[in-house]
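Analysis of the macromolecular model
Chain by chain, the residues run as shown.
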Amino acid sequence: MDAGAPVRFARLARLGGLGRLASALRAGFGLVVDVALPQLCAACREPIGGEGLCAACWSKLSFIAPPYCERLGIPFPYDPGPGVVSIEAIADPPAYRRARAAVRYGDVASILVHALKYGDRLDLAPLMGRWMANAGRALVADTDAIVPVPLHWRRHWARRFNQAEALAGMIAKETGAAVAYSALKRVKSTPQQVGLSRSERALNVQGAFRVPSEGEVAGRRLLLVDDVLTTGSTLDACARTLLRAGAAQVDVLVFARVVAAVRPPI
């Protein structure tokens, strides 16, 4: 052993001790933070015992589960049997093949959506993404890549992030699916869809999307991801753009969807 070895060993021992001390301090600090700053309900921000929603907000969140329209994912009041579609799907079939949503768009769902989109609450993406992954598990298993609905670059710059990309990333983390972030581009800066009628929404997004590289989508099964499905105009425009570029099929997965008065299935 060389003459400097004992000195080096002593130095390493001291560093190891400091490292263990630092780890202990970090653990202790985390405990203090957990005690001083308890977990808050994701919706109403009231203190709760763990991650997620308080009992009151949880009771107001309506998850969508079968039976529902095979095409649109609209819940049915009773089970009509497998493969049945709704009146809406027959009267106005979308370009995409199937749509699924985790929850109905209601009071609590709207709080979560607005907090993520406009309140910089990126901490909500893992929770919402897990619920979406569960609701769309069959769709994810039948896709080659997840495609988040893109924002125009100006809106992306102003908001600093795309909520659809955040949700897509969480779904991919939960399921192991690939995400094609650049498969679809928004080339037209359109006004907000809020407050527009169905026909106005469809006209608003006409020609708003483009596929930069058809090789990225041609022949592939794709899953469009967004936060909310209202009339479906934006997602329909995205699906049509992808299909024109050669996509084999397009499905849709959202966190929440607007559900009108329940109608009997056909």
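Please refer to the structure higher up on the page.
In this report, the structure presented in the accompanying data block is examined. (Residues numbered from 1 in each chain as written. Predicted model: local features only at pLDDT ≥ 70, side-chain atom pairs only at ≥ 80, totals over all residues. Heavy atoms only, no water.)

What about the overall build of the chain?
Operational definition: For the purposes of this entry, the term helix denotes a DSSP run of H or I that reaches at least four residues, the term strand denotes a run of E that reaches at least two, and both are numbered from the N terminus. Categorising residues by exposure relies on relative accessible area from a 1.4 Å probe, with only protein chains included: less than 20% of the type maximum marks a residue as buried, more than 50% marks it as exposed, and the intermediate range marks it as partly exposed.
The number of helices and strands found in the chain is 10 helices and six strands. In the chain, which comprises 266 residues, the share counted as buried stands at 42%.

Brief notes about the nonpolar core
Here is the rule we go by: Here the nonpolar core consists of buried residues drawn from Ala, Val, Leu, Ile, Met, Phe, Trp, Tyr and Cys, with membership extended through side-chain atoms lying within 4.5 Å. Any two residues having at least one pair of non-hydrogen atoms within 4.5 Å are treated as being in contact.
Judged by nonpolar contacts, the single largest core of 38 residues is most densely connected at Leu53, Leu112, Val225 and Phe255. Sorting the residues of this core by element identifies β1 (99–104), α4 (107–118), α5 (125–135), α6 (137–141), α8 (163–175), β5 (221–229) and β6 (249–257) as the ones contributing at least two each. What Val225 contacts, discounting residues up to four positions off in sequence, is Met132, Ile146, Val147, Pro148, Val149, Ala164, Leu167, Ala168, Ile171 and Leu253. Counting 34 residues, the second largest nonpolar core, distinct from the first, contains Ile64, Leu224, Leu229 and Val254.

Describing the packing of α5 against α8
Condition: Axis geometry follows a simple rule: fit a line to the C-alpha atoms, using only the stretch in contact for helices, then measure angles between N-to-C directions, giving values from 0 to 180 degrees. In what follows, roughly perpendicular refers to angles from 65 to 115 degrees, roughly parallel to angles under 35, roughly antiparallel to angles over 145, and oblique to any angle outside these ranges. Should the near helix be turned anticlockwise from the far one by less than a right angle, the crossing is termed left-handed; should it be turned clockwise, right-handed. Throughout, the ten residues Ala, Val, Leu, Ile, Met, Phe, Trp, Tyr, Cys and Pro are labelled nonpolar, Asp, Glu, Lys and Arg are labelled charged, and all others, Gly among them, are labelled polar.
Across the interface, α5 lies against α8 with an axial gap of 8 Å and an inter-helix angle of 60°. Classified by the angle between their axes, α5 and α8 sit oblique to one another. Here α5 and α8 pass one another in a crossing that is right-handed. Contact with α5, carried on its side by Ala125, Pro126, Met128, Gly129, Arg130, Met132 and Ala133, involves Ala166, Leu167, Met170, Ile171, Glu174 and Thr175 of α8 and no other residues of that element. Classifying every residue of the contact of α5 with α8 by side-chain character gives nine nonpolar, two polar and two charged.

Remarks on the pattern of salt bridges
Quick reminder of the rule: A side-chain nitrogen of Lys or Arg and a carboxyl oxygen of Asp or Glu constitute a salt bridge if their distance falls within 4 Å.
The tally for this structure, following the rule as stated, stands at 11 salt bridges. For Asp236, the salt bridge goes to Arg240, with nearest N and O atoms at 2.8 Å. Of this pair, Asp236 and Arg240 both sit in helix α10 (residues 233–244), four residues apart, which is roughly one turn of that helix. When its relative accessible area of 15% is taken as the criterion, Asp236 is described as buried. A single salt-bridge network, built from bridges that share partners, covers Arg97, Arg98, Asp142, Asp144, Arg221 and Asp251.

With respect to the sheet that holds β5
What counts is decided by this rule: DSSP bridges decide pairing: two strands pair if at least two such bridges lie between them.
Ordered by their spatial adjacency, four strands build an open sheet running β1-β6-β5-β2, and the pairing between neighbours is parallel. Looking at which strands have only one partner, the edges of the open sheet turn out to be β1 and β2 (145–148). Strand-to-strand twist across the sheet, computed as the mean angle between neighbouring axes with direction ignored, equals 20°. The pairing of β1 with β6 spans five bridges and is parallel. The partner of Arg100 across the bridge, within β6, is Leu253. Sitting on the sheet, α8 is in contact with β2, β5 and β6, with an inclination near 125° to β5.

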